[in-house]
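Commentary on secondary and tertiary structure
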Amino acid sequence: AHLAVIVPLSSRLALQGVVWTGANLDAYQAGNGQGVNAVAKREIGARGGYLQLTANATEKLALGAGYGIDDPDDGDLAAGQRARNSRLYGNAIYALTTAASVGVEVSQIKTEYKEQDSADALRVAFSGTLRF
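All of these numbers come straight from a predicted model, not from anything done at the bench.

1. Quick look at the nonpolar core
- Formed by Val-18, Trp-20, Leu-25, Ala-30 and Ala-46, the largest nonpolar core amounts to 5 residues.
- Residues in contact with Val-18, not counting those within four places in the same chain, are His-2, Leu-3, Ala-4, Gly-48, Gly-49 and Tyr-50.

Rendered as structure tokens:
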């Protein structure tokens, strides 16, 4: 199941979010990329979503900030599998022209594992988009 919502707060601000739930979701890049527990021979259930605030700061600059989570069912996991990912992020997209834009996103990611220590990562991603 999947639900997506966009709520305009003003002419420049919007709140958007997605919630989802299901099983064997690795093909959709959910369940932390885990669809089946091969040891237990069962599908891995998961739920998650994100909430993001977006702002059109200027005619050419769009900003966003949000939080997302991907949370597989711990009972479906074997020891060492990814039990939860959470992500706090901010991004900016600048329109070079009406057809081309560049962007940057900074994310703080925390991955928790079943019966193991968690791991943190800071990720910076750059993007370019050409519309035609």
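2. Structural notes on the pairing of strand E7 (residues 82–95)
- Pairing analysis gives 10 bridges linking strand E6 (residues 61–72) to E7, with the strands arranged antiparallel. Bridge pairing links Asp-70 to Asn-85 in E7.
- Pairing of E7 with strand E8 (residues 100–113) involves 13 bridges; the strand directions are antiparallel. What sits directly across from Gly-90, in E8, is Val-106.
- Turn length for the E7-E8 hairpin, with the two strands adjacent in sequence and antiparallel, is 4 residues.

3. So, the pairing of E6
- With 11 bridges joining them, strand E5 (residues 45–56) and E6 adopt antiparallel strand pairing. Bridge assignment links Arg-47 to a residue of E6, and that residue is Asp-71.
- Following E5, the chain reverses through 4 residues before pairing antiparallel with E6.

4. Details of the sheet that holds E5
- The strand order across the open sheet built from 7 strands is E1-E2-E5-E6-E7-E8-E9, with neighbouring strands paired in antiparallel fashion. Since the sheet does not close on itself, it has two edges, and those belong to strand E1 (2–8) and strand E9 (116–130), each with one partner. Across this sheet, the average inter-strand angle for adjacent strands is 10°, counted without regard to direction.
- As defined by bridge partners, strand E2 (residues 13–23) adjoins E5 across 11 bridges and the pair is classed as antiparallel. Looking across to E5, one finds that Gln-16 is bridged to Gln-52.

5. Here's the deal with the environment of Ala-125
- Note that Ala-125 resides in strand E9.
- Under the relative-accessibility criterion, Ala-125 is labelled partly exposed at 35%.
- C-alpha separation for the pair Ala-125 and Lys-41, spaced 84 residues apart in sequence, amounts to 36 Å.
- Excluding residues that lie within four positions of it along the chain, Ala-125 makes contacts with Gly-103, Val-104 and Glu-105.

Conventions and cut-offs
- Residues numbered from 1 in each chain as written.
- Predicted model: local features only at pLDDT ≥ 70, side-chain atom pairs only at ≥ 80, totals over all residues.
- Heavy atoms only, no water.
- Core = buried A, V, L, I, M, F, W, Y, C linked by side-chain atoms within 4.5 Å.
- Buried < 20%, exposed > 50% of the residue type's maximum accessible area, 1.4 Å probe, protein only.
- Contact = heavy atoms within 4.5 Å.
- Pairing = 2+ DSSP bridges.
- Helix = DSSP H or I, 4+ residues; strand = E, 2+ residues; numbered from the N terminus.
- Axes fitted to C-alpha atoms, helices over the stretch in contact; angles between N-to-C directions.

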